[in-house]
Amino acid sequence: MIDERTGASALPERGRPADEVLAEIRALRAQDRPTHGGRLFAYVYDPAVPGLDELAASAYAASAHVNGLDPTAFPSLLAMENALVGAAAGLLGGGPGSTAPGVVGSVTSGGTESLILAVKAARDAHPEIAEPRLVVPASGHAAFAKAAHYLRVALDVVPVSPDTLRPDPAAMAAAIRPETVLVACSAPSYAHGVLDPVAEIAAAAAEAGVRCHVDACFGGWTLPYLRRLGASVPPFDFTVPGVTSISVDLHKYAYAPKGVSVLLHRDPALRAPQYFAYADWPGYTMVNPTIASTRSGGPIAAAYATLRHLGDDGYLRLAEATRDAVAGLADAVRAVDGLRLMAEPESTVVCFTSTDPGLDLFVLVDELTARGWHTQPQLAYAGLPPSVHLTVTAAVAPRVAEFGPDLADAVAATRAAGPVTLPADLLALAGTLTPETLTPELVGGLAAGLGLAGGKGAPQRMATVNTLLDAAPPALRERLLVEFVSLLQRPAG
Ligand SMILES: Cc1ncc(COP(=O)(O)O)c(C=O)c1O
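Being a predicted model, the structure only gives us computed values, none of them experimental.

Colleague: Could you clarify how one ought to interpret the packing of helix H11 (residues 361-370) against helix H15 (residues 463-471) in this entry?
Modeller: The relative placement of two packed helices comes down to the angle between their axes together with the axis-to-axis distance. Two elements in contact, H11 and H15, have axes whose closest approach is 9 Å; the angle formed by their N-to-C orientations is 150 degrees. One element, H11, and the other, H15, form an angle in the roughly antiparallel class. Two packed elements cross with a definite hand, and for H11 against H15 that hand is right-handed. Contacts from Phe362, Val363 and Asp366 in H11 reach Ala463, Asn466, Thr467 and Asp470 in H15. Here the contact of H11 with H15 is built from residues that sort into three nonpolar, two polar and two charged.

Colleague: What is the right way to look at the site of the ligand in this model?
Modeller: All residues in the neighbourhood of the ligand are listed as Gly110, Gly111, Thr112, Leu115, His141, Tyr190, Asp215, Cys217, Phe218, Asp249, His251 and Lys252. Between the ligand and aspartate 249 there is a distance of 3.4 Å, counted from an oxygen atom to a side-chain nitrogen or oxygen. At a separation of 2.8 Å, an oxygen atom of the ligand approaches a polar side-chain atom of histidine 251. Computed on the free molecule, the ligand has an accessible area of 390 Å², of which 83% lies beneath the protein chains in the complex.

Colleague: Whenever I open this one, the packing of aromatic side chains confuses me. Can you help?
Modeller: How two aromatic rings sit relative to each other is given by the distance of their centres and the angle of their planes. Tallied over the full model, the rule gives 12 aromatic pairs. With a centroid separation of 6.0 Å and an interplanar angle of 75 degrees, the aromatic rings of phenylalanine 41 and phenylalanine 403 are classed as edge-to-face. In this pair, phenylalanine 41 is assigned in the loop between helix H1 (18-29) and helix H2 (52-63) and phenylalanine 403 in helix H12 (residues 400-417), connecting sequence segments 362 residues apart. You'll find phenylalanine 41 and phenylalanine 403 in the same group, each marked buried. Arranged with centres 5.4 Å apart and planes meeting at 85 degrees, the rings of tyrosine 190 and phenylalanine 218 form a pair that is edge-to-face. Of this pair, tyrosine 190 sits in the loop between strand E4 (180-186) and helix H7 (198-208) while phenylalanine 218 sits in the loop between strand E5 (211-215) and helix H8 (223-228); the two residues are 28 residues apart in sequence, bridging distant segments of the chain. Since its relative accessible area comes to 22%, tyrosine 190 is described here as partly exposed. Exposure remark for phenylalanine 218: the relative accessible area of 3% places this residue in the buried category. By way of ring pairs, the aromatic residues Tyr45, Tyr190, Phe218, Tyr253 and Tyr255 are connected into one cluster. Positioned above the aromatic ring of tryptophan 373, the side-chain terminus of arginine 39 is 4.0 Å from the ring centre.

Colleague: Would you take a moment to explain the nonpolar core for this structure?
Modeller: A general trend in soluble globular proteins is that nonpolar side chains are found buried together. Core analysis: the biggest nonpolar cluster contains 71 residues, and Trp221, Phe236, Leu250, Leu264 and Tyr315 have the highest contact counts within it. The dominant element in this core, judged by the number of residues it contributes, is helix H10 (residues 298-334), at nine residues. Beyond its immediate chain neighbours, meaning those up to four positions away, tyrosine 315 contacts Trp221, Tyr225, Tyr253, Ala254, Tyr255, Thr306, Leu307 and Leu310. In terms of nonpolar packing, the next biggest core, distinct from the first, is built from 27 residues, Ala332, Leu368, Val392 and Phe403 among them.

Colleague: I would appreciate a short explanation of the pairing of strand E6 (residues 245-249) in the present structure.
Modeller: Two faces belong to every sheet, and in a regular strand the side chains alternate between them. Within E6, five of the five residues are buried, which leaves it mostly tucked inside the rest of the structure. Judged by which residues are buried, E6 turns out to be covered on both faces: Ser245, Ser247 and Asp249 on one side and Ile246 and Val248 on the other are all buried. Regarding topology, H8 serves as the crossover connection from E5 to the parallel E6, and that connection is right-handed. In this structure, E6 lies alongside strand E7 (residues 261-265), joined through five bridges in antiparallel fashion. For aspartate 249, the partnering residue across the bridge sits in E7 and is serine 261.

Colleague: Would you mind going over the sheet that holds E5 with me for this structure?
Modeller: In sheet architecture, strand pairing relies on hydrogen bonds along the backbone and comes in two forms, parallel and antiparallel. Read across the sheet, seven strands follow the order E1-E7-E6-E5-E4-E2-E3 without closing on themselves; strand pairing throughout is mixed. Edge positions in the open sheet fall to strand E1 (104-108) and strand E3 (154-158), since each of these has one partner strand only. Adjacent strand axes in the sheet meet at a mean angle of 20 degrees, parallel and antiparallel pairs treated alike. Against the sheet, H7 makes contact with E4 and E5, and its axis sits at roughly 155 degrees relative to E5, the strand it touches most.

Colleague: Sorry if this is basic, but what is going on with the pattern of salt bridges here?
Modeller: Any two side chains of opposite charge can pair, on the condition that their charged atoms come close. Taken as a whole and judged by the stated rule, the model has 22 salt bridges. For the salt bridge of aspartate 312 with arginine 228, the shortest nitrogen-to-oxygen distance reads 2.7 Å. Linking aspartate 312 in helix H10 with arginine 228 in helix H8, this pair joins segments that are 84 residues apart in sequence. The partner of glutamate 344 in a salt bridge is arginine 334, and the shortest N-O contact between them spans 2.7 Å. Here glutamate 344 is found in the loop between strand E10 (339-341) and strand E11 (349-354), whereas its partner arginine 334 is found in helix H10, with 10 residues between them in sequence. With a relative accessible area of 52%, glutamate 344 lands in the exposed category. In the salt-bridge network here, residues are joined through shared partners; they are Glu367, Arg371, Asp409 and Arg461.

Analysis parameters
Residues numbered from 1 in each chain as written. Predicted model: local features only at pLDDT ≥ 70, side-chain atom pairs only at ≥ 80, totals over all residues. Heavy atoms only, no water. Axes fitted to C-alpha atoms, helices over the stretch in contact; angles between N-to-C directions. Helix = DSSP H or I, 4+ residues; strand = E, 2+ residues; numbered from the N terminus. Parallel < 35°, antiparallel > 145°, perpendicular 65-115°, else oblique. Left-handed = near helix turned anticlockwise from the far one by under 90°. Contact = heavy atoms within 4.5 Å. Nonpolar A, V, L, I, M, F, W, Y, C, P; charged D, E, K, R; others polar. Near = heavy atom within 4 Å. Polar contact = N/O pair within 3.5 Å; in protein donor to acceptor, adjacent residues only side chain to side chain. Areas by Shrake-Rupley, 256 points an atom, 1.4 Å probe, with all protein chains shown as cover. Phe/Tyr/Trp six-rings, centres within 6.5 Å; stacked < 30°, edge-to-face > 60°. Buried < 20%, exposed > 50% of the residue type's maximum accessible area, 1.4 Å probe, protein only. Lys NZ or Arg CZ within 6 Å of the ring centre and 35° of its normal. Core = buried A, V, L, I, M, F, W, Y, C linked by side-chain atoms within 4.5 Å. Right-handed = clockwise from strand over helix to strand, strands pointing away. Pairing = 2+ DSSP bridges. Salt bridge = Lys/Arg side-chain N within 4 Å of Asp/Glu carboxyl O.

The following block contains the structure:
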């Protein structure tokens, strides 16, 4: 039998029967946070629609071995990709009958890939710019920084106001330089769920003759439905002049299984530099719109099946349930003395902070976890306090009434426990750390002190780890977490 924490060698001497292998996977999966049940507020998107998982899994299986590498060999995939792109374009102000009838796009593996490709297309449209630059608000997703890093594009980060959590459009405009190839903004941001002033930012970009990407990876599939339900959602899509590309993740609020995002461009000329083509070798001429070359048809078929099954009316219903869940959760937060919403919810995020030093957010996160609610702590950053993030999906709606009492109970326990105080030896060690001086021995000592060592994964209570990270500057956070994660990523023995 396998060790349920570490798994087994993936290559046994003799092959194992199918039912045994599946039992092993189920045993491993039992350690995971619950992907269904409406109590996990990050990582997963659950509409709680009966039968949807089974449908998506069947569709996935039907196309898992089809290869998106060559759309002429597998027209089924091409058809489904085009259908997904068309649906996304239609939802986001493009397509036939709109003011942006020429919208085209690609299906990518996720939001990060969509953003990397948006940056690549913008960069490669300007081969004459030797040192290209990207303007992004501080609240922009970390994937923009990853894109900049991978593509050697310099990043100009514009601060966001601690009150509105948005960048000042004038500051965005002022950050545009002759070398700027792309200006980016979010609709909405992941961390706080607020929409950037897209119209003003896109106008400034257009005035400077620079592309403008709207990262709607997170909320692009929900905002149009929330608007139809009466919410006042400012224009953020291709109806806004100057918006040249938009990303929207189908594996988020389109509720498709993981591995699908759509990157849209206003017209084919804008998309052209996204492609990579190579004929200078003896094999097949490679033509790729995306980073991966071989691409499984599984995620595409699963997303296609999900959209077809849920339909426009289904997404409207799911958005309504989500909207009501957001309102209920926000009320529960408002009812607690010492907690403050970071922003009034305008999409599907509830994000709050503590205004009371006696109410330690990181302890509260652990107390909520102990009560079966899995929230996401966010560390202090550039004048913004630490906060707790809740990504709300339709599956949360039936659970909302249980949240308020559990939150109140968790708050009482948090106050009783008092704030985290780091052990003196850990504090002393942490005080001497810089990213440059971090050695494997130091990291090993820290990991042991924090209960992260021993190959057993993360400890149940993370408040001490989060407090330490919160006290560290971003560069040290990055180094520490890389080291901690690399301690976890070891082959099974
Ligand atoms: C606004 C936004 N952009 C980009 C991403 C990156 O998406 P992925 O994790 O699919 O790569 C996310 C993920 O949460 C997001 O919220």
